[in-house]
Amino acid sequence: MKRGIAYLIPCLLLCAPAAVLAHKPSDSYLRLVIQDQRIHGQWDIALRDLDYALGLDKNNDGLITWGELRTRHEAIAAYALGHLQFSAGEVFCASRPGEQLVDYHSDGAYGVLRFSVNCPAVSEPIELRYGLFFEFDSLHRGLLSLEYQGRIQTAVLSPEQPTFRVAPPSALSPWREFLQFGREGVWHIWIGYDHILFLLSLLLPAVLCWKRGRWQAVTTFRPAFWEVVKIVTAFTLAHSLTLSLAVLGMVSSPSRWVESAIAASVLVAALHNLYPFIHHRLWLVAFAFGLVHGLGFATILLDLGLPGASLWLPLAGFNLGVEFGQLAIVSAFLPLAFMARYTWLYQRLIMKGGSVLIALVASIWLLERSLELELESWFG
Amino acid sequence: MALPLLLGTGRVALYAEPFIPSSDDQVLERLRAPSDPQMRKLSRLRRTLAQEPHNLPLALELARQYSELGRSEADPRYDGYAMAVLRPWWNKPSPPLEVLVLRATLRQRRHDFDGALSDLAQVIARQPNHPQAWLSQAVILQVRGDHEAARRSCLPLLRQTSALIATTCVASAASLSGQAKDSYQMLRTVLEERPSATAQEQLWALTVLAEMAVRLGHTQAAEAHFRKALSLNLRDTYLLGAFADFLLDEGRPEEVEALLKADLRPDGLLLRLALAEQQLTSSQLASHVQNLRARFAANQMRGERLHLRDEARFTLHLLGQPEKALQLAQRNWAVQKEPWDARVLLEAALEAHDSPAAQPVLDWLQSTRLEDQRLQDLIAAFP
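For clarity, every value in this text was computed on a predicted model and none was experimentally measured. (Residues numbered from 1 in each chain as written. Chains lettered and ligands numbered in written order. Predicted model: local features only at pLDDT ≥ 70, side-chain atom pairs only at ≥ 80, totals over all residues. Heavy atoms only, no water.)

Caption draft 1: Focus on the environment of B:L102. Residues and elements named next belong to chain B. Note that L102 resides in helix α5 (residues 97-109). The exposure class assigned to L102 is buried, which follows from its relative accessible area of 7%. Between the alpha carbons of L102 and R64 there is a distance of 7.2 Å; along the sequence they are 38 residues apart. Here L102 is in contact with L60, A63, R64, S67 and L86, once residues within four sequence places are set aside. (Helix = DSSP H or I, 4+ residues; strand = E, 2+ residues; numbered from the N terminus. Buried < 20%, exposed > 50% of the residue type's maximum accessible area, 1.4 Å probe, protein only. Contact = heavy atoms within 4.5 Å.)

Structure, rendered in structure tokens:
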């Protein structure tokens, strides 16, 4: 009688899922996360399969209870982890079982085994060899889902294909990574107003030249074009140089100092348009301040998180992305400015007014960044 | 530890939150009763084979039993067990004949028709007097829609095996290629003349006979054949599915519910139940549709899509997505061509208002001279 009651209660809880269980080939669901030199695993294995392999139904009544499963936890963990080997390079990694839980899938109840794996040399590519249940079920499959540095890799492990080599993130696809960092570069030019404003400040006078104490329009396109080429090239060379040095760890500077210097560079460039003190070799100014802007880009790139293995590809991608963004701005600006160079609109409003505005914004940034004053909150 | 809950879209439902049961007495899983004599025999065989895994006669016996369970229960785990038992011989360049025959059956069940046919061709080349090989070959050829080749593969059976098996084989193929009435009469006569045939043989003959009667539009005769087949009390998923389809077409969903509710583990049976519940507007429908969705998704995760016909029916009638159903039906049609494969494709094409998509099936039906009342009705519905 006591036994009958024991059946009745769980039946109330379980008859609903049990009524519509599927007949399907055997699968296990293996989920792995690689994080900080460790692999964390969660492995869902069908109780029916575990029973077939290890005999869980101790009292032979055709029912597997939580008690029967719980007391066999060690044997199950040893059996399962014995059929899943991890290695890094030539070295095997040690697995350690964790807690055991229960879950339901479309074909019934599953034991959920949590475990962790320690690989001595995670820098080597990790390989796993799966062999669970293959000895008695040729249709069994291990459905692997692995998360490594935010990317999900999946595989179906079978007797024909029992191994899986974890692709290190940087080797996933160098080209895709290159593109990804390239996009980041473009994006940060577009949302980095200080860089855009600096560039604009340098470009505004490019279609003019300083004669007899005032700005006058250049007569032909060629000198304006070369002036822009020189400025942009100098700026690019300079910020690529410091960006690379900073990312490679050869220079480092406090970011507050760098941010303030960038704001100062924008202010100086804008003021220079109003009261020019260097009439020739403006590219030298571009170069000098470009060095500072490069350090600013480096902060962004380092924040994005660089894969340890190879720095060059993302670095080059990011740099080219920044260049591409700049070129887009320049090629949109230059023809328009050249066409409008004689007009009052350009010479007065855009050149003078724009520079004053840029100088104002840059002053606020400079104050805010150096004094950490939240002036913007007053205005905004 | 934050484990990702995704293996792709639509799969999240498969992962509920794992839990620790509150009591040791909580029942987690029901197994096939270990006291069942068949189960006991299987585990005894398995233990013996573990001692000497290279004992071929023993391995064949166990593999055959697993394979038969896999068929009658529509449970692919048993197919996997059978394959593993045969592993010492499975990948040999020239496996023993009986291994080849079983391998063909198991490959056929994974819808590897080419692999199965090549295994059977090997068997027949080595031993032309092998009735099982001819029969298996005939069945596969018929599923693929090559009725003439199927009929030819049945002919050697007339000399090699019982008259009922041979007649069922020939009649089944011939009834699909312009000789529906004659084949039906012939099989009916032979069956009546042989009341002493084994239950398995009768089951097959009666199922084929019932399906022939359905195609001819003889509903009363069909029902009588189905009922007689069921009364043999042999567990057979195919028979249950075919009878459920008949009842659904006859507008008798209550009976489908009663017929199937005992065992919903095979996907095909749950599908028919859900179709019946749709007609009955049952409260169970939503959860059964959800369950079927999860099952098809689970198969897809394995990189397998074996039940395309069922999936097409599911997508068409229960999800109401005719365009997607049509694609599935077309993929299914590329693999197999039984009357029901044609029907699912025509139904999907009709719902999707895509008459050109139906054309290959219409051409095929004309060239095979297939007679099927339901298909004729469907064809008439096309503009």
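Caption draft 2: How the structure looks around the packing of helix α2 (residues 56-73) of chain B against helix α3 (residues 76-85) of chain B. Residues and elements named next belong to chain B. Packing of α2 against α3 leaves a shortest axis separation of 7 Å and a crossing angle of 165 degrees. By the angle between their directions, the pair α2 and α3 is classed as roughly antiparallel. The two elements α2 and α3 cross, and the hand of that crossing is left-handed. Along its contact with α2, which presents A59, L62, A63, Y66, S67, L69 and G70, the element α3 presents Y78, D79, Y81, A82 and V85. For the contact of α2 with α3, the residue count by class is 9 nonpolar, 2 polar and 1 charged. (Axes fitted to C-alpha atoms, helices over the stretch in contact; angles between N-to-C directions. Parallel < 35°, antiparallel > 145°, perpendicular 65-115°, else oblique. Left-handed = near helix turned anticlockwise from the far one by under 90°. Nonpolar A, V, L, I, M, F, W, Y, C, P; charged D, E, K, R; others polar.)

Caption draft 3: Inspection of the pairing of strand β8 (residues 126-130) of chain A at higher detail. Residues and elements named next belong to chain A. Side chains of β8 alternate between two faces, with I126, L128 and Y130 buried and E127 and R129 left unburied. As judged from the 5 bridges shared by strand β4 (residues 84-88) and β8, these two strands associate in the antiparallel manner. By the bridge assignment, F86 is partnered in β8 with L128. Note that β8 and strand β11 (residues 163-165) share 3 bridges and pair antiparallel. If you follow E127 over to β11, its bridge partner there is R165. (Pairing = 2+ DSSP bridges.)

Caption draft 4: Representation of the sheet that holds β11(A). If you trace the 4 strands from one edge of the open sheet to the other, you get β5-β4-β8-β11 (chain A), paired in antiparallel fashion. Among the strands making up the open sheet, the edge pair consists of β5 (91-92) and β11 of chain A.

Caption draft 5: Focus on helix α12 (residues 344-371) of chain A. Here α12(A) is 28 residues long and its end C-alpha atoms lie 38 Å apart, about the 40 Å a rise of 1.5 Å per residue gives. Listing the buried residues of α12(A) in full gives A:Y346, A:M351, A:S355, A:I358, A:A359, A:A362, A:W365, A:E368 and A:R369. (Expected span 1.5 Å × (residues − 1).)

Caption draft 6: Structural view of the packing of aromatic side chains. Taken as a whole and judged by the stated rule, the model has 24 aromatic pairs over all chains. Judged by centre distance (6.2 Å) and plane angle (25 degrees), the ring pair of A:Y104 and B:F19 falls under stacked. Taken as a pair, A:Y104 in strand β6 (residues 94-105) and B:F19 in the segment before β1 (27-30) lie in two separate chains rather than in one. Its relative accessible area of 19% is what places A:Y104 among the buried residues. On the basis of relative accessibility, which here comes to 29%, the residue B:F19 falls in the partly exposed class. Ring centres of B:F226 and B:F246 lie 5.6 Å apart, and the angle between their planes is 45 degrees; on these two criteria the pair is classed as tilted. You can see B:F226 sitting in helix α13 (residues 219-231) and its partner B:F246 sitting in helix α14 (residues 237-249), a full 20 residues away along the chain. (Phe/Tyr/Trp six-rings, centres within 6.5 Å; stacked < 30°, edge-to-face > 60°.)

Caption draft 7: How the structure looks around the interface of chain B and chain A. Listed per partner, the contact involves 53 residues of chain B and 69 residues of chain A. Interface area, chain B with chain A, both sides summed: about 5,500 Å², of which 58% is carbon and sulfur. Of the charged contacts in the structure, one is a salt bridge between B:D75 and A:R48, with a shortest N-O distance of 2.8 Å. Inspection of the region where chain B meets chain A yields 25 residue pairs in polar contact (both at pLDDT 80 or more). Elements with a contribution of two residues or more to the side of chain B that touches chain A: β1, α2, α3, α16 (267-280) and α17 (285-301) of chain B. The dominant element in the side of chain B that touches chain A, judged by the number of residues it contributes, is α3(B), at 8 residues. Among the residues making up the side of chain B that touches chain A, the classes are represented as 30 nonpolar, 6 polar and 17 charged. Summarising the sheet, strand β3 (residues 63-65) of chain A and β1(B) pair through 3 bridges and their orientation is antiparallel. Counterpart to A:T65 in the pairing with β1(B) is B:V27. (Buried area = accessible area lost by both parts, 1.4 Å probe. Salt bridge = Lys/Arg side-chain N within 4 Å of Asp/Glu carboxyl O. Polar contact = N/O pair within 3.5 Å; in protein donor to acceptor, adjacent residues only side chain to side chain.)

Caption draft 8: Here's a closer look at the confidence of the model for chain B. All names here are of chain B. Here chain B averages 91 in pLDDT, and 96% of its residues register 70 or above. Every residue in residues 1-15 is under pLDDT 50, and counting partners more than four places away or in other chains gives 35 contacts. Here the predicted complex scores 0.67 on pTM and 0.82 on ipTM. (pLDDT = per-residue confidence, 0-100.)

Caption draft 9: Representation of a nonpolar patch on the surface in the model. Residues and elements named next belong to chain A. Residues L237, L241, W283, L284 and F287 make up a contiguous nonpolar surface patch of roughly 450 Å² in combined accessible area. Here the element with the most residues in the nonpolar patch is helix α10 (residues 282-304); it accounts for 3 residues. Looking at the secondary structure, you find L237 in helix α8 (residues 221-247). (Patch = residues over 30% accessible without salt bridge, like charges linked within 9 Å, V, L, I, M, F, W, Y side chains within 5 Å. Areas by Shrake-Rupley, 256 points an atom, 1.4 Å probe, with all protein chains shown as cover.)

Caption draft 10: Quick look at the sheet that holds strand β1 (residues 27-35) of chain A. Residue and element names in this part refer to chain A. Taken together, 6 strands build an open sheet; the order of strands is β6-β7-β2-β1-β9-β10 and the sheet is mixed. Looking along the sheet, the strands with just one partner apiece sit at the ends: β6 and β10 (151-157). Strand-to-strand twist in this sheet, taken as the mean axis angle between neighbours without regard to direction, amounts to 15 degrees. The pairing of β1 with strand β9 (residues 141-148) spans 8 bridges and is parallel. Within the sheet, the bridge partner assigned to R31 lies in β9 and is S145. Relative to the sheet, helix α4 (residues 73-82) contacts β2 (38-46), β6 and β7 (108-118), its axis offset from that of β6 by approximately 110 degrees.

Caption draft 11: Main features of a positive patch on the surface. A cluster of like positive charges, contributed by A:K211, A:R212, A:R214, A:R348 and A:K352, occupies part of the molecular surface. A residue is classified by how much of its surface remains accessible, and A:R212, at 74% relative accessible area, is exposed. (Lys, Arg positive; Asp, Glu negative; His and termini not counted. Charge placed at Lys NZ, Arg CZ, Asp CG, Glu CD.)

Caption draft 12: The arrangement of the pattern of salt bridges in detail. Residue and element names in this part refer to chain B. Applying the stated criterion to the full structure yields 44 salt bridges over all chains. Taking the shortest distance from any N to any O, the salt bridge between D79 and R109 comes out at 2.7 Å. With a gap of 30 residues between them, D79 in helix α3 and R109 in helix α5 connect regions that are remote in the sequence. Judged by its relative accessible area of 3%, D79 falls in the buried class. In this structure, the salt-bridge partner of R343 is E347, at a minimum N-O distance of 3.0 Å. Of this pair, R343 and E347 both sit in helix α20 (residues 339-351), separated by 4 residues, roughly a single helical turn. Each member of the pair, R343 together with E347, is buried. Several salt bridges converge on common partners, so that one network encompasses R32, D36, E73, R235, D263 and R265.

Caption draft 13: The arrangement of the confidence of the model for chain A in detail. Residue and element names in this part refer to chain A. Confidence in the prediction of chain A, expressed as mean pLDDT, is 81, and 87% of residues score 70 or more. Taken element by element, the predicted model of chain A shows its lowest mean pLDDT in helix α1 (residues 2-19) (32) and its highest in α4 (96). Note on residues 375-380: pLDDT is under 50 here. Beyond four places in sequence and across chains, it has 7 contacts.

Caption draft 14: Just empty space enclosed by the protein, in detail. In the structure shown here, the tally under the stated rule is 2 cavities of 30 Å³ or more. Here the largest cavity defines a volume of roughly 50 Å³. Residue lining of the largest cavity: A:S201, A:L202, A:P205, A:V268, A:A269, A:H272, A:N273, A:L282 and A:V285, and that is the complete set. Going through the elements one at a time, α7 (193-203), α9 (255-274) and α10 of chain A are the ones with two or more residues in the lining of the largest cavity. Counting residues per element, the lining of the largest cavity draws most heavily on α9(A), at 4 residues. Taken together, the residues of the lining of the largest cavity sort by class into 6 nonpolar, 3 polar and no charged. Considered as a void within the structure, the second largest cavity measures approximately 30 Å³ in volume. If you go around the second largest cavity, the residues you meet are B:F296, B:N299, B:E304, B:R305, B:L306, B:H307 and B:E311. Of the residues assigned to the lining of the second largest cavity, the class counts are 2 nonpolar, 2 polar and 3 charged. (1 Å grid on protein atoms, 1.4 Å probe; cavity = no way out; pocket = protein on both sides within 12 Å on 5 of 7 lines; lining within 4 Å. Points joined across faces, edges and corners; volume = space filled by probe spheres on them.)

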